[in-house]
2 protein chains.
Amino acid sequence: MCAYIIGAGSTRFGEHWELGIRNMISYASRKAIEHAGIKTENIDSAFVANCFGSLITGQSNVSAIAGDELGIQNTVQISGGDDAGSRAIMHAVNMVDSGKSKAAIVIGVEKTSDISSSQMLRMISHMTSSEEAASGATLASLYAMMTKKHMWLYGTTEEQMAMSSVKNHSNAMKNEISQFKISVTKEKVIASPIVADPLRVLNSAVASDGCSAVIICNEAMAKKSMEKIRIAGMGSGADYLAVASRENIAELNAVKTAVENALKSAGMKLRDIDFAEVHDVFSIAEIMCIEAMGFAKAGEGGKFIKEGHGNLDGKIPINPSGGLKGCGHPFAATGVRQAIEAFYQLTGNAGERQVKNAKCCIAQTLSGSGSSAAVNIFQRVD
Amino acid sequence: MCAYIIGAGSTRFGEHWELGIRNMISYASRKAIEHAGIKTENIDSAFVANCFGSLITGQSNVSAIAGDELGIQNTVQISGGDDAGSRAIMHAVNMVDSGKSKAAIVIGVEKTSDISSSQMLRMISHMTSSEEAASGATLASLYAMMTKKHMWLYGTTEEQMAMSSVKNHSNAMKNEISQFKISVTKEKVIASPIVADPLRVLNSAVASDGCSAVIICNEAMAKKSMEKIRIAGMGSGADYLAVASRENIAELNAVKTAVENALKSAGMKLRDIDFAEVHDVFSIAEIMCIEAMGFAKAGEGGKFIKEGHGNLDGKIPINPSGGLKGCGHPFAATGVRQAIEAFYQLTGNAGERQVKNAKCCIAQTLSGSGSSAAVNIFQRVD
C-alpha cells in the first residue's frame, strides 16, 4: 500500500452558528492544501464524508458543494455511520494506490447545531437498528445497556469510566481544535446528570459542528513534501446492526475484526503501535474499544484507564487529541480528525500533547452502536 | 484497469409498498450472487449507494443494513447525488483493481414511495444549490429553464422531446424490471399535463423504489465465471452546483468532462461505443446528454432522437433499457441498473431489446441539475 498524508486542516470543533457546510469545507480544505504546500489544481479527486447534511441543513449533495467550492472534477460522498470519515480515507487510499488519483483531498464535515436535542436523538437512531429505534431505544440507552452488562460481567465502575473523561478533557485542553477545553475531575463526572443510567453527561460525547481535511497522495508527490506520514494499513469490521442480536453486548466485535484486518494489511503486530485514537462516543465505548483492540483483556479496559496506561505518558496513550469526548463529535469529521492527530503526532508537531517518540498510530471509529468499525494505521516516515 | 462484472440482480422498479430497504437489498443481492454462481462468503466488500434512506425511512446507515443482511465485514455507503450508483461501481473497481478486494458487491437502493409528492419535491432540491432551492426552484423548474434556453438557442421542439419518451417507454416494455411498461405516442406526451413549462408529466422520470446489485471481481475469479463483462473505463466530471452560475445552461459540462475522462481511461474513442445508457431524468436531459457525450453536435440532440438514431435499431441506441423514464428512477439504484443493462446486452442476453452485436456500452448518470456526472464504460469479453 503506497499512499501518504502530506497536509491537514481543520475548523475548530464546536457550535458554529455563523458557518454553514460550505464555509466549513472551504476553511478546512484551504488550510489542508496550504499546509501541504500544493495547489488545488494538483488535487484530482475529493472524498467527502457527511452523514446528516440532508436531514439537518437540506443539503444531501455535500460532495457537489465541495466540488463546486474547490473546482475538483472527481468527487464522491461517503455516508452511513460515524465511521464515514475513516472510510473516506480508505477509499481515497484505494484510488491513489490503484494509480487513478495522484492526490486526493479527504473532507469530513458535519453541521449538527441547527436542530433541537430531541430531533438529534431521533436522527442518531437512524444509524442504529430500525427495530430497536422503533421500540424507543436511543443510542445512549443502547450504550447504557452495554455498560450495565460490562459492569455485571467484569465489575467495571463509574470511577473507571470517569477517568476516561478526565483523561480526554485533559488532553483536549492541549488541542487547538477541540470543543471542550475544560478540566474535569472524577468527582465532577460522577456528579453530572444521568443521560441513560449509568451513563452521565460527562460520560457522553456531544454532536458538534466541524470540518477536517487531509491531503492523500502518491509516493512521487509525497517525496516533494517536507512533512508526511504513510498510511500503513486499513481494516474493516462489522457486527449485527441490532445490539439485541449480539451474543455478548459487552464486546465490540466489529472493532476487533477491523483491528485484526488493519494490522494484517500493515504486516504489523499490536506491539508496533505507539498510541491510539479510539471512538469514545461514551466512556464505555472507550473501554470496550481498548479491549476489542487488544490493549487490555476483555473486562480490563476500565482498569487500564484507571491505572493511567492510556494517559499521554502511559503505556499506550489513548486519544491524545482528547477523543470524541474532548474534541466534540461532528460524526463524519471524526475519522478525518483522527488522521490529523496522527499527522501532528507522527511528524513531532503535537506540542504539549506530543506522545514521545511516536512512530505508529492506530485510529479507529465505529458506526452507531457498533454495527461497523473502520481502522487506519499511520506510520512515521523517517 | 482490471475488474469484471460476473453477476447481476435487481428488484422490479416501482412502488413496493410491501418491501423495505432491507427486503429489497436482500432480494437483489441474493439474485446477483446466485447469478454469479458464487457464495456470499466469496464476497469481501460491499459498496452500497443510497441517497435518501435517512430522510424517507429513518435509516441513514444503509450500508450497515446490507452488511448485517449479507454478513460482509467491509461495507461503505456512497451517497450525494443520483450518480451515487455509478460512483459505487467506480470505487468498487478501485478496490478490486488495487488488490484489496477479490470480489465486491455493489448495491444501489432507494425507497421513495413512503413520502408525499410535496415532501419529494423538497427532498430532491437537497441535491441542488441551497440558494436556488431556497428561492423556490425545484429540480423540474431548473430543467424547465434549461429546456427554454435549449429551445431558444437551437430550436429544440416539444415533438423532439416527446420522441425521447416514446422511445424509452417502447424499450421499457421489453425490460422485465421496468416500472412503466406503457406504450405512449408523441401526441399523448404533448397532451400530458405540464410539470414545469415546457416539461410535461410524460417528459419526466418518476422517483421509484428499487434495488439493483452487481458482483465486481478480479481477473482470477472472473476466469471461473461463464458470463462476464469488463469495466474498461471510468470518468468523472463536475460543474457549478447552481445552474445560475453556468455560462450556458443548455450544456451539461459535467457530462462532457466525465465522458472525455472515461474514454481516455479506457483508451477508446466515441466510435468504439455501440450503445449508451444516459440519465434521462427529463426528456431535455436525454437530449443534452446525447450532445454532451458527443453523439450529436450541440443543439442537434433533439434531431438525433427524432430521426431515430437513438432507437434500438438506430446508429447509437440510447437507453435500450428504457432509461430513467421507462424504468423509473430510484436515485442511487439507477447507476447500478445501467450496469445490469450493460451486462445483459454485452453477454447477448437482452432478449427483445438486444442491441445487435453490442461490444461496448457507455453508461452515464448525473446528480441533481448536473453538478456532477459519472461515466462507466463496459466491454464484452470474447
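Overview of the structure.

Reading the values: rules and limits
- Residues numbered from 1 in each chain as written.
- Chains lettered and ligands numbered in written order.
- Predicted model: local features only at pLDDT ≥ 70, side-chain atom pairs only at ≥ 80, totals over all residues.
- Heavy atoms only, no water.
- Helix = DSSP H or I, 4+ residues; strand = E, 2+ residues; numbered from the N terminus.
- Rg over C-alpha atoms; globule rule 2.2 N^0.38 Å.
- Buried < 20%, exposed > 50% of the residue type's maximum accessible area, 1.4 Å probe, protein only.
- Contact = heavy atoms within 4.5 Å.
- Lys, Arg positive; Asp, Glu negative; His and termini not counted.
- Charge placed at Lys NZ, Arg CZ, Asp CG, Glu CD.
- Salt bridge = Lys/Arg side-chain N within 4 Å of Asp/Glu carboxyl O.
- Buried area = accessible area lost by both parts, 1.4 Å probe.
- Polar contact = N/O pair within 3.5 Å; in protein donor to acceptor, adjacent residues only side chain to side chain.
- Least-squares fit on C-alpha atoms with pLDDT ≥ 70 in both.
- Expected span 1.5 Å × (residues − 1).
- Pairing = 2+ DSSP bridges.
- Axes fitted to C-alpha atoms, helices over the stretch in contact; angles between N-to-C directions.
- Parallel < 35°, antiparallel > 145°, perpendicular 65-115°, else oblique.
- Left-handed = near helix turned anticlockwise from the far one by under 90°.
- Nonpolar A, V, L, I, M, F, W, Y, C, P; charged D, E, K, R; others polar.
- Phe/Tyr/Trp six-rings, centres within 6.5 Å; stacked < 30°, edge-to-face > 60°.
- Lys NZ or Arg CZ within 6 Å of the ring centre and 35° of its normal.

## Quick notes on the overall build of chain A
Working step 1: Along its length, chain A carries 15 helices and eleven strands.
Working step 2: In terms of overall size, chain A behaves like a compact globule, its C-alpha atoms giving a radius of gyration of 19 Å where 382 residues would be expected to give roughly 21 Å.
Working step 3: Reported as C-alpha extents along the three principal axes, the dimensions of chain A are approximately 55 × 45 × 35 Å.
Working step 4: Counting over 382 residues, chain A shows a buried share of 66%.
Working step 5: A sequence separation of at least 24 residues applies to 78% of the contacts in chain A between residues at least 6 apart.
Working step 6: Counting 37 positive and 38 negative side-chain charges, chain A places the averaged centre of each group 4 Å from the other.

## Remarks on the side chain of Glu286 of chain B
Working step 1: Tracing the chain through its elements places Glu286 of chain B in helix α12 (residues 283-293).
Working step 2: Apart from residues lying up to four places away in sequence, Glu286 of chain B is in contact with Ser164, Lys167, Asn168, Val278, His279, Asp280, Ile305, Ile318 and Asn319 of chain B.

## Points about the pattern of salt bridges
A side chain of one charge can pair with a side chain of the opposite charge if their charged atoms are brought near each other.
Working step 1: Under the counting rule described, the total for this entry stands at 32 salt bridges over all chains.
Working step 2: Here Asp114 of chain B makes a salt bridge to Lys111 of chain B, at a shortest N to O gap of 3.2 Å.
Working step 3: If you follow the salt bridges from partner to partner, you end up with Arg22, Arg30, Asp68 and Glu69 of chain A in one network.

## Quick look at the interface of chain A and chain B
Working step 1: Chain A puts 45 residues into the contact, and the matching count from chain B is 45 residues.
Working step 2: A buried area of about 3600 Å², summed over both sides, lies between chain A and chain B, and 48% of it is on carbon and sulfur atoms.
Working step 3: Counting every contact that joins chain A to chain B gives two salt bridges.
Working step 4: Lys100 of chain A is the partner of Asp97 of chain B in a salt bridge, and the nearest nitrogen-oxygen pair spans 2.7 Å.
Working step 5: Summed over the shared surface of chain A and chain B, the result is 29 residue pairs in polar contact (both at pLDDT 80 or more).
Working step 6: Elements that contribute at least two residues to the side of chain A that touches chain B include exactly α2 (53-57), α3 (62-70), β3 (75-79), α4 (84-97) and β8 (229-238) of chain A.

## Points about the relation of the copies chain A and chain B
Working step 1: Between the two copies, chain A and chain B, the superposition gives an RMSD of 0.0 Å; the rotation angle is 180° and the shift along the axis is 0.0 Å. Within this description, the copies of the chain are treated as partners about a two-fold rotation axis.
Working step 2: The fraction of interface residues of chain A whose copies in chain B are also interface residues reaches 100%, indicating that both copies meet through the same surface.

## Concerning helix α7 (residues 139-154) of chain A
Residues and elements named next belong to chain A.
Working step 1: For α7, spanning 16 residues, the distance from its first C-alpha to its last is 22 Å, which sits close to the expected 22 Å at 1.5 Å a residue.
Working step 2: By the burial criterion, the buried members of α7 are Leu139, Ala140, Leu142, Tyr143, Ala144, Met146, Thr147 and His150.
Working step 3: Note on α7: the residue one or two positions beyond its end, Gly155, has a positive phi of about 75°.

## Some details on the pairing of strand β4 (residues 103-110) of chain B
All names here are of chain B.
Working step 1: Most of β4 sits out of view: eight of its eight residues are buried.
Working step 2: Of the two faces of β4, the one carrying Ala103, Ile105, Ile107 and Val109 and the one carrying Ala104, Val106, Gly108 and Glu110 are both buried.
Working step 3: Across five bridges, strand β2 (residues 45-49) lies against β4 in parallel orientation. Residue Val48 lies in a different strand from β4, and its bridge partner there is Ile107.
Working step 4: Sheet analysis places β4 next to strand β7 (residues 210-217), joined by eight bridges and oriented antiparallel. From the neighbouring strand, Val106 faces β7, where its bridge partner is Val214.

## Here we look at the packing of helix α7 (residues 139-154) of chain B against α12 of chain B
Residues and elements named next belong to chain B.
Working step 1: Relative to each other, α7 and α12 sit at 60°, their axes nearing to 10 Å. Between α7 and α12, the interaxial angle falls into the category oblique. For the pair α7 and α12, the crossing hand works out as left-handed. On α12, the residues that touch Tyr143, Met146, Thr147 and His150 of α7 are Ile284, Ala285, Ile287, Met288 and Glu291.
Working step 2: Class assignment of the residues belonging to the contact of α7 with α12 gives a composition of six nonpolar, two polar and one charged.

## Details of the pairing of strand β10 (residues 360-367) of chain A
Residues and elements named next belong to chain A.
Working step 1: Of all the eight residues making up β10, eight are buried; the element is thus mostly covered by neighbouring parts of the structure.
Working step 2: Burial along β10 is two-sided: Cys360, Ile362, Gln364 and Leu366 and Cys361, Ala363, Thr365 and Ser367, pointing in opposite directions, are all buried.
Working step 3: Where strand β9 (residues 275-277) meets β10, three bridges bridge the pair, whose relative direction is parallel. Bridge pairing links Phe275 to Cys361 in β10.
Working step 4: Pairing geometry for β10 and strand β11 (residues 372-380), over eight bridges, is antiparallel. When the bridges of β11 are listed, Leu366 appears paired with Ala373.
Working step 5: Between β10 and β11, which pair antiparallel one after the other, the connecting turn spans four residues, and Gly368 there sits at a positive phi close to 55°.

## A few points about the packing of aromatic side chains
Working step 1: All told, the structure shown has six aromatic pairs over all chains when counted by the stated rule.
Working step 2: For the ring pair Tyr143 of chain A and Phe282 of chain A, a centre distance of 5.0 Å and an interplane angle of 45° mean the geometry is tilted. Of this pair, Tyr143 of chain A sits in helix α7 while Phe282 of chain A sits in the loop between β9 and α12 (283-293), and the two are 139 residues apart along the sequence. For the pair formed by Tyr143 of chain A and Phe282 of chain A, the shared burial category is buried.
Working step 3: Looking at Lys111 of chain B, its charged tip hangs above the ring of Trp17 of chain B, at a distance of 5.9 Å from the centre.
Working step 4: The positively charged end of Lys325 of chain B is found above the aromatic ring belonging to Phe180 of chain B, 5.8 Å away from the centroid.

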